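A closer look at the structure
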Amino acid sequence: FLQSQGDHLADVGVFYPVHTMQANYVAHKGGTDMAALTEVQFWGVGQHLLKHQIDFHYVNDASLQAGTLSEGRIARNGTEFSTLVLPPLTTIDRDTLRKLEEFVGQGGLLISLVATPSASVEEGRNDPEVLAAVERLFGEARPTARVERAHGGGGASIFLPAGFTGVAELVR
C-alpha cells in the first residue's frame, strides 16, 4: 500500500541510451570506448543529481514518444518533467529526436553531455536528418564547446562537453 497511490513528481528526466549502447557493442569483445563513456556519464549524472537531492526519472524512447507535451513539460503515466538530460549519444531514433525538438520548442530544457548523435536507428551513421536536427538544437551538427541556445516558446538546449559536472546547478 505504501507508495501505491499518487504520482512521482520529479522535474528531471535522464534519457536511457539503449541505441547508443547497442551500436557501440562488439560481439565477443564488449563495448567500445564510446560505450564506456556513455555508461560512465549515464550512471554519473544520476549519482550527481541524487547527491544534490534532485529527484529524476529514467526515460526511454517509448516514454518520450508516447509522452504528451504541454507548457514545456513531457507527461506520461503520472510522471512529468521539464528538463531532460541526454548522456553521450551516437545513435538515436528519429521519432525521439523529433519529440526532443518539439519539447524544446514548447519550453523544455534539454541538456546534452559530451557527444551528440549523428546516427539514427533508421538510416545508420551520418544521417542527414539527425545532423540537421542536432544543428537546429545546438547551433552546429557536432558541437565540441559549451553551447547554451534559447528556442522559441521559452525552451533551451545546453551542450556540456565536459560531462555531468554542473548539471545540478542548471536544473535548480
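One numbering rule holds for all chains: residues counted from 1, following each sequence as written. Restriction of local features to residues with pLDDT of at least 70 applies here, the model being predicted, together with a cutoff of 80 or more for giving and counting side-chain atom pairs; totals for whole chains, interfaces and linings are based on all residues. Hydrogens and waters are ignored; side-chain quantities use all the structure's heavy atoms.

Another aspect to go through is the sheet that holds strand 7 (residues 79–81). Spatially, 5-6-7 is the arrangement adopted by the three strands of the open sheet, whose pairing is antiparallel. Either end of the sheet is taken by a strand with one partner, and the two such strands are strand 5 (68–70) and strand 7. Neighbouring strand axes in the sheet, compared pairwise and without regard to direction, differ in orientation by 25 degrees on average. Strands are treated as partners if at least two bridges between them are detected by DSSP. Helix and strand definitions follow DSSP, with helices as H or I runs of at least four residues and strands as E runs of at least two, each counted in order from the N terminus. Bridge analysis of strand 5 against strand 6 (residues 73–76) gives three bridges, and the strand direction is antiparallel. Note on strand 6: the bridge partner recorded for Leu69 is Ile74. A fitted line through C-alpha atoms represents every axis, and for helices the fit uses only the stretch in contact; the resulting angles, taken between N-to-C directions, go from 0 to 180 degrees.

Turning to the sheet that holds strand 12 (residues 147–150), a few remarks are in order. Pairing is mixed across the open sheet formed by six strands, whose spatial order is 4-1-8-10-13-12. One side of each edge strand has no neighbouring strand; the edge strands of this open sheet are strand 4 (56–59) and strand 12. Taken over all neighbouring pairs, the strand axes of this sheet differ in orientation by 20 degrees on average, direction set aside. Taken together, the four bridges between strand 8 (residues 83–86) and strand 10 (residues 109–113) define a ladder with parallel strand orientation.

Turning next to the packing of aromatic side chains. Ring pairs shown here join Phe, Tyr and Trp side chains whose ring centres sit within 6.5 Å, with only the six-membered ring taken for Trp; geometry is labelled stacked below 30 degrees between planes, edge-to-face above 60, and tilted in between. Inspection of the entire model under this criterion finds seven aromatic pairs. On the numbers, 6.3 Å between centres and 70 degrees between planes, the contact of Phe138 with Phe159 is edge-to-face. Here Phe138 is found in helix 5 (residues 128–138), whereas its partner Phe159 is found in strand 13 (residues 156–160), with 21 residues between them in sequence. For each residue, the accessible area found with a 1.4 Å probe, counting protein chains only, is set against the maximum for its type, and the residue is called buried under 20%, exposed over 50%, and partly exposed in between. Phe138 gets classed as buried once you look at its relative accessible area, which sits at 4%. Under the relative-accessibility criterion, Phe159 is labelled buried at 0%. Each residue in the set Tyr16, Phe42, Trp43, Phe56 and Tyr58 is aromatic and connected to the rest through ring pairs, giving one cluster.

Attention shifts here to helix 4 (residues 94–105). When the terminal C-alpha atoms of helix 4 are compared, their 17 Å separation across twelve residues agrees well with the 16 Å that a helix rising 1.5 Å per residue should span. Those residues of helix 4 lying buried are Arg94, Thr96, Leu97, Lys99, Leu100, Phe103 and Val104. Two N or O atoms form a polar contact when they lie within 3.5 Å of each other; inside protein one atom must be a possible hydrogen donor and the other a possible acceptor, and for residues adjacent in sequence the pair counts only when both atoms belong to side chains. Two to three positions downstream of the cap, the backbone nitrogen of Asp95 sits 2.8 Å from a side-chain oxygen, assigning the N-cap of helix 4 to Asp93. By this rule, a helix spans an expected 1.5 Å times one less than how many residues it contains.

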